[in-house]
Amino acid sequence: MRFGILLTSVVTLPFLFVAAAPASDATIGGLTIGAIINAIGIGIVTDINAFITLDSLTTNIISVNFDAKNPLPLELTIDRVVSSAGLNGTVFATFDQTFAKPVVVPILGTKNSGTFGNVLLTQGAIASLDIIPAGELDLINTNVFVRCVHTSLQVIVI
């Protein structure tokens, strides 16, 4: 596929393993929500889709959205995601998204974050064209801030 005729390109990140660091001392059965998420190795974020437009060539800004899954019998609320993604150790995209309307992932369900902008292509749009054939990026550093049953925790992708 040639970029010259391509208005929007989608790059999908693979299933992510997520570990959690609790931000409070709330427990369920003596375990913190973070300890539970770590113990079962929950992958909250299943896909991140990046949308590159012709304007991205001059602004170096793209839009993304992600799908989040919740395998827990508790509703999860995602307030913020801070992420950097790249290929072969090189960061190509970064964002820090605080949701005005948090992403509520239902019990045992899936929810899309909705598309948001201000995702910076750190290498510039032209240099970032090299990642399109790869079709996916590695998450170099990602923190997902999640609430669950009035409990806050920070989720760190490892």
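Conventions used here
Residues numbered from 1 in each chain as written. Predicted model: local features only at pLDDT ≥ 70, side-chain atom pairs only at ≥ 80, totals over all residues. Heavy atoms only, no water. Phe/Tyr/Trp six-rings, centres within 6.5 Å; stacked < 30°, edge-to-face > 60°. Helix = DSSP H or I, 4+ residues; strand = E, 2+ residues; numbered from the N terminus. Buried < 20%, exposed > 50% of the residue type's maximum accessible area, 1.4 Å probe, protein only. Contact = heavy atoms within 4.5 Å. Polar contact = N/O pair within 3.5 Å; in protein donor to acceptor, adjacent residues only side chain to side chain.

Caption draft 1: Region of the structure containing the packing of aromatic side chains. Under the criterion given, the structure shown has three aromatic pairs. Ring geometry for phenylalanine 99 against phenylalanine 116: centres 5.7 Å apart, planes inclined by 85 degrees, an arrangement best described as edge-to-face. Residue phenylalanine 99 is found in strand S8 (residues 90–105), and its partner phenylalanine 116 is found in strand S10 (residues 116–121); the two are separated by 17 residues along the sequence. Connected via pairs of aromatic rings, a cluster forms that spans Phe66, Phe95, Phe99 and Phe116.

Caption draft 2: Inspection of unusual backbone geometry at higher detail. For asparagine 60, which is not glycine, the phi torsion reads 60 degrees and is therefore positive. Position of asparagine 60 among the secondary structure elements: in the loop between helix H2 (56–59) and strand S6 (61–69). For asparagine 60, a relative accessible area of 25% corresponds to the partly exposed category. The phi dihedral of asparagine 118 is positive, around 60 degrees, even though this residue is not glycine. Along the chain, the position of asparagine 118 falls in strand S10.

Caption draft 3: Geometry of the side chain of threonine 77. Along the chain, threonine 77 turns up in strand S7 (residues 76–87). Residue classification places threonine 77 among the buried positions, given a relative accessible area of 10%. Beyond its immediate stretch of four places on either side in the chain, threonine 77 contacts Pro102, Val103, Val104, Phe145, Val146 and Arg147.

Caption draft 4: Region of the structure containing the environment of asparagine 65. Its place among the elements puts asparagine 65 in strand S6. As a C-alpha pair, asparagine 65 and isoleucine 48 span 17 residues in sequence and 5.7 Å in three-dimensional space. Filtering out sequence-adjacent residues up to four positions away, asparagine 65 remains in contact with Asp47, Ile48, Asn49, Phe51, Asn112, Ser113, Gly114, Thr115 and Phe116. Here asparagine 112 takes part through its side chain, which lies 3.5 Å from a polar atom of the side chain of asparagine 65.

Purely geometric numbers; function is a separate question.
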